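The residues making up each chain are set out below.
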Amino acid sequence: MTEVLLIIGVVVAIFVGYNIGGSTTGPAFGPAVGAGALSKTLAAGLMTVFFFIGGWTIGRRVVDTLGTELVTNPEIFTLPASITVLFFIGLALFVGNVFGVPASTSMTAVGAIAGLGLASGSLDWAVMGEIVSWWLVAPVIGFWISAVIGRYFYAALNERIALAQTEGSLLTVDRSGIIPKIGLGPNTTARELFGITVVIGIGCIMAFSSGTSNVANAIAPLVGSGALEMNTGIIIACLAVGIGAFTIARRTLDTLGSDITQLPLTAAIVVATVSAVLVVGLSAIGIPASFVVIATMSIIGLGWGRATRTMRVSRSDISEKAGETRLSVDSLATDTEGESLPPIGEEDPEDIPSAADLFNPGTTARVVVMQNVVPVISTVGAYLVFRFLPFFGF
């Protein structure tokens, strides 16, 4: 019976890992794919490799944390309980992926474990409170950092390192010799190559960060229960994440790369940098970071800040006038290579694209709603099962 349960547990862990790959590839590489710097296939490959590196090096520490610190009694992670927790994590993430929304893996996993802790009376409220506090604060920080960059620094940044993409292939491969030679495409500039390298590199950092925190979401209950050895669990989780990255992640790549906004590479670099710095910072202090929410709010904040350049703070309150601004995240796309923008307050509002033309409010609403609904599904579902099914005996 134990062997059968272990097989079921591994299958469910693979299902969770599959959905983690689907939900986290978009935030990491969505800006690069949306900007045309990467294909979806190459993004999936990079996601798999760097997720594994992060999971193998630092991720094992997070596995121990989720398996012991969030609940005061780790013994509640019996094999049946672990399978149930993983089931709700996978189910909730699957719902988000079906809707094409990259739900927060960390929020979903912590929610399912919290449901178990609540039902058994062993939830550590201090640890839970610290995690939730950072979940609320981090997206706000990401929004305002990006908004400040968009309003005060983006124009100058874009003028200096604008990354307008050229027609044709980025690189060429000369296979006439024994060793293939890689060179710049016929229209590729050094600036374009540098910018693309940066935005892809930052995406790789985000994939690494995802591995450090999210590998635990797939295997922590099984490793905590002693049913699965740590290294074996990490390998299984990373393989499952890779499968998800190559398959279901295509929808979330579209959502964060195209449906919300067509990001130019300059904007993609800003969004990825802000998100990566915050995620790595939170991981360093042991907080399972919700970089899905941070990346989304960073995209919106950057466009909001760019659009408010048409107003001076001295003559209007930005918070009151924001609703009157023709706000669009895609206002970023109007800044082309080498373009000098007027000073703040002197830019013609007509130069800013309207939200109706470029910004998809329906997609943004769907993202925000689902990113909150998915963790609730895992938390409530896990609590009800553990609380009212006598099989678990809590």
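Keep in mind the model is a prediction, meaning the values are calculated, not measured.

Undergrad: When you look at the overall build of the protein chain in this model, what are you seeing that I'm missing?
TA: From N to C terminus, the protein chain includes 13 helices and two strands. Relative to its 394 residues, the protein chain shows a buried fraction of 54%. Split by element, the accessible area of the protein chain, about 16200 Å² in all, is 66% carbon and sulfur.

Undergrad: What should I look at first to understand the environment of Ser 120 in this one?
TA: Positionally, Ser 120 belongs in helix 4 (residues 105-120). Separated by 47 residues in sequence, Ser 120 and Asn 73 place their C-alpha atoms 9.1 Å apart. In terms of polar contacts, Ser 120 uses its side chain to reach the backbone carbonyl oxygen of Leu 116, at 2.9 Å.

Undergrad: Looking at this model, I keep getting lost on the layout of surface pockets. Mind explaining?
TA: Once rolled over the atoms, a probe with the size of a water molecule shows which space is left empty. There is about 320 Å³ of room inside the largest pocket. Along the wall of the largest pocket there are 17 residues; nearest its centre are Thr 65, Ile 285, Gly 286, Ile 287 and Pro 288. For the lining of the largest pocket, the secondary-structure elements that each account for two or more residues are helix 2 (40-68), helix 5 (125-161) and helix 6 (190-224). Sort the elements by how many residues they give to the lining of the largest pocket and helix 2 lands first, with five residues.

Undergrad: What am I meant to see in the nonpolar core here?
TA: Counting 89 residues, the largest nonpolar core has Phe 29, Leu 38, Val 63, Leu 70, Ile 89, Val 215 and Ile 219 as its most contacted members. Beyond its immediate chain neighbours, meaning those up to four positions away, Ile 219 contacts Val 63, Met 230, Gly 233, Ile 234 and Ala 237.

Undergrad: Is there a simple way to think about the packing of helix 4 against helix 6 in this case?
TA: Packed helices, taken two at a time, are described by their axes: the angle between them and the distance between them. Packing of helix 4 against helix 6 leaves a shortest axis separation of 10 Å and a crossing angle of 35 degrees. Considering the relative orientation of helix 4 and helix 6, their crossing is left-handed. Counted together, Thr 105, Ser 106 and Ala 109 of helix 4 and Ser 213, Asn 214 and Asn 217 of helix 6 form the full contact between these two elements. Of the residues belonging to the contact of helix 4 with helix 6, the class tally is one nonpolar, five polar and no charged.

Undergrad: Could you clarify how one ought to interpret the packing of helix 2 against helix 6 in this entry?
TA: With their axes 5 Å apart at the nearest point, helix 2 and helix 6 run at an angle of 45 degrees to one another. Judged by the inter-axis angle, helix 2 sits oblique to helix 6. Considering how the two elements wind past one another, helix 2 and helix 6 form a crossing that is right-handed. Looking at side-chain class alone, the contact of helix 2 with helix 6 contains 18 nonpolar, ten polar and no charged residues.

Undergrad: Just to check I follow, could you spell out helix 6 for this structure?
TA: Two residues of an α-helix separated by three or four positions point the same way, owing to the 3.6 residues in each turn. Helix length check: helix 6, at 35 residues, gives a terminal C-alpha distance of 50 Å against a target of 51 Å (1.5 Å per residue), a fit within 8%. The largest bend along helix 6 reaches roughly 55 degrees and is located at Ala 218, with the proline Pro 221 sitting one to four residues downstream. Burial of helix 6 is extensive: 25 of the 35 residues sit out of reach of the surface.

Undergrad: Even after reading the chapter, I still don't get the confidence of the model for the protein chain, so can you show me in this structure?
TA: Interpretation of the predicted coordinates at a detailed level should be avoided for regions scoring low in pLDDT. Averaged over every residue, the pLDDT of the protein chain is 76; residues scoring 70 or more account for 74%. Mean pLDDT across the elements of the protein chain ranges from a minimum in helix 12 (residues 355-358), with 40, to a maximum in helix 7 (residues 230-246), with 94. A low-confidence stretch, residues 313-331 (pLDDT under 50), is modelled with 49 contacts involving residues beyond four sequence positions or located in other chains. Predicted confidence is poor over residues 353-359, with pLDDT under 50, and the contacts of this stretch with residues over four places away or in other chains come to 19 contacts.

Undergrad: What is the right way to read the packing of aromatic side chains from this model?
TA: Geometry of an aromatic ring pair is reported as the spacing of the ring centres plus the angle between the planes. Applying the stated rule across the entire model yields five aromatic pairs. Measuring from centroid to centroid gives 5.8 Å for Phe 143 and Trp 304, while their planes differ by 45 degrees, and the two rings are tilted. Residue Phe 143 is found in helix 5, and its partner Trp 304 is found in helix 10 (residues 291-307); the two are separated by 161 residues along the sequence. Classification of Trp 304 by relative accessible area gives buried; the value is 12%. Ring plane angle 85 degrees and centroid distance 5.6 Å describe the contact between Trp 144 and Trp 304, whose orientation is recorded as edge-to-face. Placement of the pair is Trp 144 in helix 5 and Trp 304 in helix 10, with a sequence separation of 160 residues.

Undergrad: Sorry, what's going on with a nonpolar patch on the surface here?
TA: A contiguous nonpolar surface patch, about 520 Å² in accessible area, is contributed by Val 49, Phe 52, Ile 53, Trp 56, Ile 235 and Leu 239. Counting only elements with at least two residues in the nonpolar patch, the list comes to helix 2 and helix 7. Examined against the element boundaries, Trp 56 turns out to sit in helix 2. The class for Trp 56 is partly exposed, based on a relative accessible area of 32%.

Undergrad: Sorry, what's going on with helix 7 here?
TA: Taking 1.5 Å per residue, 17 residues should reach 24 Å; helix 7 reaches 25 Å between its end C-alpha atoms and fits that length. Of the residues flanking the start of helix 7, the one acting as N-cap is Glu 229, its side-chain oxygen 3.0 Å from the backbone nitrogen of Asn 231.

Undergrad: How should the environment of Pro 186 be read in this particular structure?
TA: Inspection of the secondary structure puts Pro 186 in the loop between strand 2 (181-184) and helix 6. Considered as a pair, Pro 186 and Thr 172 are 14 residues apart in the sequence and their alpha carbons are 8.1 Å apart.

Undergrad: Help me understand the side chain of Ser 82, please; the structure alone is not making it clear to me.
TA: Considering the arrangement of structural elements, one finds Ser 82 in helix 3 (residues 79-98). In this structure, Ser 82 is in contact with Phe 77, Pro 221, Leu 222 and Ser 225, ignoring residues within four places of it in sequence.

About the cut-offs
- Counting starts from 1 at the beginning of each chain's written sequence and moves along it residue by residue.
- Where local features are concerned, this predicted model is filtered to residues with pLDDT of at least 70; where side-chain atom pairs are given and counted, the filter is 80 or more; whole-chain, interface and lining totals use all residues.
- The basis for the side-chain values is all heavy atoms of the structure; hydrogens and waters are excluded.
- Under the scheme used here, helices are H or I runs from DSSP no shorter than 4 residues and strands are E runs no shorter than 2 residues, and both carry numbers assigned from the N terminus.
- Three labels apply to residues, based on accessible area from a 1.4 Å probe with only protein chains included: buried if under 20% of the type maximum, exposed if over 50%, partly exposed otherwise in between.
- Method for areas: the Shrake-Rupley scheme with a 1.4 Å probe, in which residue coverage is limited to the protein chains shown.
- As used in this structure description, the phrase polar contact means that two N or O atoms lie within 3.5 Å; if the pair is within protein, one of them must be able to donate a hydrogen and the other to accept it, and residues adjacent in sequence are counted only when both atoms belong to side chains.
- Using a grid of 1 Å spacing that covers the protein atoms alone, one calls a set of points a cavity when a 1.4 Å probe fits there but cannot get out, and a pocket when the set is open and has protein on both sides within 12 Å along at least five of seven lines; lining residues are those with an atom within 4 Å of a point.
- Grid points are joined across faces, edges and corners, and a volume is the space filled by probe spheres set on the points.
- Nonpolar cores are built from buried Ala, Val, Leu, Ile, Met, Phe, Trp, Tyr and Cys residues. Side-chain atoms within 4.5 Å join them into one set.
- Working rule for contacts: check all heavy atoms of both residues, and any pair within 4.5 Å makes them a contact.
- To get an axis, a line is fitted to the C-alpha atoms, and for a helix only the part in contact is used. The angle between two axes follows their N-to-C directions and goes from 0 to 180 degrees.
- A clockwise turn of the near helix away from the far one marks a right-handed crossing, whereas an anticlockwise turn of less than a right angle marks a left-handed crossing.
- The nonpolar class holds Ala, Val, Leu, Ile, Met, Phe, Trp, Tyr, Cys and Pro. Asp, Glu, Lys and Arg form the charged class, and all remaining residues, Gly among them, are polar.
- Here the word oblique covers every angle except those under 35 degrees (roughly parallel), over 145 (roughly antiparallel) and from 65 to 115 (roughly perpendicular).
- To estimate the expected span of a helix, count its residues, drop one, and scale the result by 1.5 Å.
- Throughout, the bend at a residue refers to the angle made by two axes, fitted to the seven residues ending there and to the seven starting there.
- What pLDDT reports is the predictor's confidence in each residue, on a scale of 0 through 100.
- Here the aromatic set is Phe, Tyr and Trp, taking the six-membered ring for Trp, and pairing holds for ring centres within 6.5 Å; pairs whose planes are under 30 degrees apart are stacked, those over 60 apart are edge-to-face, and all others are tilted.
- For patches, a residue must show more than 30% relative accessible area and have no salt bridge; joins then use 9 Å for like charges and 5 Å for nonpolar side chains, namely Val, Leu, Ile, Met, Phe, Trp and Tyr.
- Note on definitions: salt bridges are taken to be side-chain nitrogens of Lys or Arg within 4 Å of carboxyl oxygens of Asp or Glu.

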